[in-house]
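Architecture and fold: a report
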Amino acid sequence: MVHDDTFSVSDAALVLDDSERRTAAALDVPTAGLLAVWGVALAVGHLAIWWGVRGQDPYTGPPGWSLAVLGVLLTLALLATIATIARAAHGVSGASAVAGRAYSLAWVCSFAAYGALVAAVGRLGAAPEVVSLVSSVVPLVLVATIYVAAAPLWGRGATAGLTTGGLLAVTAAAATWFDPTRMPLVIAVGAGIAFAAGVVIARRSR
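Right, let's walk through the structure included here. (Residues numbered from 1 in each chain as written. Predicted model: local features only at pLDDT ≥ 70, side-chain atom pairs only at ≥ 80, totals over all residues. Heavy atoms only, no water.)

**A look at a nonpolar patch on the surface**
Inclusion rule: Without a salt bridge and with relative accessible area above 30%, a residue can belong to a patch; like charges are then joined within 9 Å and nonpolar side chains (Val, Leu, Ile, Met, Phe, Trp, Tyr) within 5 Å. Per-residue and other accessible areas follow the Shrake-Rupley method at a 1.4 Å probe size, with only the shown protein chains counted as cover for residues. In the sections that follow, a salt bridge refers to a side-chain nitrogen of Lys or Arg positioned within 4 Å of a carboxyl oxygen of Asp or Glu. Note on conventions: DSSP H or I runs of at least 4 residues are helices, E runs of at least 2 residues are strands, and numbering of each starts at the N terminus. When a residue's accessible area, from a 1.4 Å probe over protein chains only, is under 20% of the maximum for its type it is buried; when over 50% it is exposed; and in between it is partly exposed.
The grouping of Leu47, Leu167, Leu185, Val189 and Ile193 at the surface amounts to a nonpolar patch, some 390 Å² of accessible area in total. It is helix H7 (residues 183-205) that provides the largest number of residues to the nonpolar patch, a total of 3 residues. Position of Leu167 among the secondary structure elements: in helix H6 (residues 158-175). Residue Leu167 is classed as partly exposed on the basis of its relative accessible area of 32%.

What follows is the structure, encoded as structure tokens:
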């Protein structure tokens, strides 16, 4: 008598498929709503900076209130991201849970370092143009890098993450070619376009 108790290829495929679904559940982060939150934070925050520096001649740097607006909006977007990841990973264990925690930690560490960098640049007496460049462009680079790096883990949201991250990277690079009074406006428009594209793709992938 032959006992068919071997672990077949089809069984292995089912296990792998289940593992992929669990990982996607833990990291299904770039939803349309969350992308919209980041889009508003970056666009409105940089519009505030542009409003504060427009017409400055000579350039003296963004006023404190405009930097505070950007900082508060970025903090709210960061908290929304962490909360979304926590909800998505609730009840998930193993490698998927570890991946979700690592993704959250990437956001926290990146923006903690960003805050320290901006503070250091100001403390060292850097020129206003340098402070503006760091405070405006670095957030885009961080978000773009995290989105592109994590996109393969996002399942159905991968294309939205890759598209948004790629467009943000292009925006950050393009913004550096403009003078400090125009750079925030370029970033606001570019970020708006990048996240709007991500929202559209995320909705279509559902």
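**Regarding the packing of aromatic side chains**
Worth spelling out the cut-off: Two rings from Phe, Tyr or Trp (for Trp, the six-membered ring) form a pair when their centres sit within 6.5 Å of each other. Planes less than 30 degrees apart are called stacked, planes more than 60 degrees apart edge-to-face, and all others tilted. Charges are assigned to positions over rings by a cutoff of 6 Å between ring centre and Lys NZ or Arg CZ, combined with an angular limit of 35 degrees from the ring normal.
As enumerated under the stated definition, the model contains 7 aromatic pairs in all. On the numbers, 6.1 Å between centres and 10 degrees between planes, the contact of Trp107 with Phe111 is stacked. Here Phe111 and Trp107 lie together in helix H4 (residues 95-123), a separation of 4 residues that amounts to about one turn. Take Trp107 and Phe111: they sit in the same class, and that class is buried. Members of the aromatic cluster, connected to one another through ring pairs, are Trp38, Trp107, Phe111, Tyr114, Tyr147 and Phe195. Over the ring of Trp51 we find Arg54, and its NZ or CZ is 3.6 Å from the ring centre.

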